[in-house]
Amino acid sequence: MALPDTRQSDPAGWLQAVVDGLCELSSRDALTGPANRRQFELAMAREIDRVARAGEPALVLMIDIDHFKRVNDTHGHSAGDQVLRAVGQALHECIRPMDTVARMGGEEFAMILPNCPPAFGQTVAERVRNKVQMRPVNVAPGTDIAVTVSIGGAYAPQWVRSSAPLWIERADQQLYRAKQEGRNRACLEMPPVSHVSAEEKGLLFGHSQFQDLE
Ligand SMILES: Nc1nc2c(ncn2[C@@H]2O[C@H](COP(=O)(O)OP(=O)(O)OP(=O)(O)O)[C@@H](O)[C@H]2O)c(=O)[nH]1
């Protein structure tokens, strides 16, 4: 992104714009555009905090391109890069402003979907899967590559402070299942039903009924 050269007229504003630009660059995946892994981990930590405090249902999806090695082997590494960019763009088009999409590395992407009710999880994951499948990638004149993804999803346990590695691991297990069951599919772990009383929620915030009586 080119910055207007305001070094003379507004040096402080210019410096701030440079810092903002560098922060933005350091949070993105250089090849595909979405957030990078580091940014994703920060977003996950924020989400885990919210789920523990507010009990909101939050879904994480691990999204892996199927047989991507074949794309590189058949069409070359730069065609592979084009596929990665196209998938990054398709995923970006699936998200709401509150969601985060990131490239985790290689041909693996991930999404955090805050406040996503369990009844909609499978539909959301299918929408993502379909978006990629419906968009063949043109890598050379007359050469369109059909691309599919396998998706694994898991909900953060509500009212509990989980950890990012544990949450990702549960989604990864579902991704493994999706690959084993034939790829181009979405497998989601059913969220555990947790019954937490109002009193227990109060305890979670360090607030007890006895404080009300004081
Ligand atoms: N073009 C390109 N290829 C990459 C990049 N990062 C990783 N790869 C390639 O991604 C491929 C991943 O292959 P595998 O892990 O075997 O997975 P796969 O072929 O997609 O197979 P499944 O996941 O089992 O469906 C390897 O060939 C890597 O070299 C990249 O930035 N650009």
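Rules and cut-offs
Residues numbered from 1 in each chain as written. Predicted model: local features only at pLDDT ≥ 70, side-chain atom pairs only at ≥ 80, totals over all residues. UniProt positions renumbered as here; feature names shortened; annotations may be inferred. Helix = DSSP H or I, 4+ residues; strand = E, 2+ residues; numbered from the N terminus. Buried ≥ 20, exposed ≤ 12 C-beta atoms within 10 Å, placed from the backbone. Contact = placed C-beta atoms within 7 Å. Axes fitted to C-alpha atoms, helices over the stretch in contact; angles between N-to-C directions. Parallel < 35°, antiparallel > 145°, perpendicular 65-115°, else oblique. Left-handed = near helix turned anticlockwise from the far one by under 90°. Near = placed C-beta within 6 Å. Nonpolar A, V, L, I, M, F, W, Y, C, P; charged D, E, K, R; others polar. Pairing = 2+ DSSP bridges.

- For the protein, an unreviewed UniProt entry supplies the name diguanylate cyclase and the organism Piscinibacter aquaticus.
- In its Catalytic activity (unreviewed entry) section, the UniProt entry covering the protein states "2 GTP = 3',3'-c-di-GMP + 2 diphosphate".

Observations concerning the overall build of the protein
Link 1 in the chain: If you tally the helices and strands in the protein, you get 8 helices and 7 strands.
Link 2 in the chain: Buried residues in the protein amount to 30% of all 214 residues.
Link 3 in the chain: When contacts within the protein are restricted to residue pairs at least 6 apart in sequence, those whose partners lie at least 24 apart make up 67%.

Details of the environment of M134
Link 1 in the chain: Relative to the elements of secondary structure, M134 occurs in the loop between α5 (118-133) and β4 (137-140).
Link 2 in the chain: The spatial distance from the C-alpha of M134 to the C-alpha of L61 is 19 Å, given a sequence separation of 73 residues.

Concerning the packing of helix α4 (residues 77-94) against α5
Geometrically, a packed helix pair is captured by the angle between its two axes and the distance between the axes.
Link 1 in the chain: Look at α4 against α5: their axes get within 9 Å of each other, and the N-to-C directions meet at 140 degrees. On the basis of the axis angle, α4 is oblique to α5. For α4 against α5, the interelement crossing comes out right-handed. Along the contact surface, α4 presents V87, A90, L91, E93 and C94, while α5 presents R127, V128, K131 and V132.

Here's the deal with the packing of helix α3 (residues 68-75) against α4
Link 1 in the chain: Between α3 and α4, the least distance of the axes is 6 Å, while the angle of their chain directions is 140 degrees. Between α3 and α4, the interaxial angle falls into the category oblique. Along the contact surface, α3 presents F68, V71, N72 and H75, while α4 presents H77, A79, G80 and V83.

A word on the UniProt feature "domain: GGDEF" (unreviewed entry) in the protein
Link 1 in the chain: If you check UniProt for "domain: GGDEF" (unreviewed entry), the listed places come out as residues 56-191 in our numbering.
Link 2 in the chain: For the annotated span residues 56-191, helix accounts for 43% and strand for 26% of the residues, and the straight-line distance between the end C-alpha atoms is 12 Å.

Digging into the site of the ligand
Link 1 in the chain: What surrounds the ligand is a group of 16 residues, the closest being D66, F68, K69, G80 and G106.
Link 2 in the chain: Contributions of two or more residues to the shell around the ligand are made by β1 (59-65), α3 and α4.
Link 3 in the chain: When residues of the shell around the ligand are assigned to their parent elements, the largest contribution, 4 residues, is made by α4.
Link 4 in the chain: Here the shell around the ligand is composed, by residue class, of 4 nonpolar, 5 polar and 7 charged.

Description of the sheet that holds strand β3 (residues 108-113)
Strand pairing in a sheet relies on backbone hydrogen bonds. The paired strands run either parallel or antiparallel.
Link 1 in the chain: Judged by pairing direction, the sheet is mixed, and its 5 strands sit side by side in the order β2-β3-β1-β6-β7 without closing on themselves. Looking at strand neighbours, the two that pair on one side only are β2 (100-105) and β7 (186-188), the edges of this open sheet. Taking the axes of each pair of neighbouring strands and ignoring which way they run, one obtains an average angle of 20 degrees across the sheet.
Link 2 in the chain: Where strand β6 (residues 149-155) and β7 come together, 3 bridges link them in parallel fashion. What sits directly across from G152, in β7, is C187.
Link 3 in the chain: Relative to β3, α4 is tilted by about 10 degrees, and along the sheet it contacts β1, β2, β3 and β6.
Link 4 in the chain: Helix-sheet contacts for helix α6 (residues 164-180) involve β1, β6 and β7, and the interaxial angle to β6 is about 145 degrees.

What about the pairing of β3?
Link 1 in the chain: A large share of β3 lies buried, amounting to 5 of its 6 residues.
Link 2 in the chain: Of the pairings in the sheet, the one linking β1 to β3 comprises 6 bridges and is antiparallel in character. When the bridges of β3 are listed, M62 appears paired with A110.
Link 3 in the chain: Where β2 meets β3, 5 bridges bridge the pair, whose relative direction is antiparallel. By the bridge assignment for β3, T100 is matched with I112.

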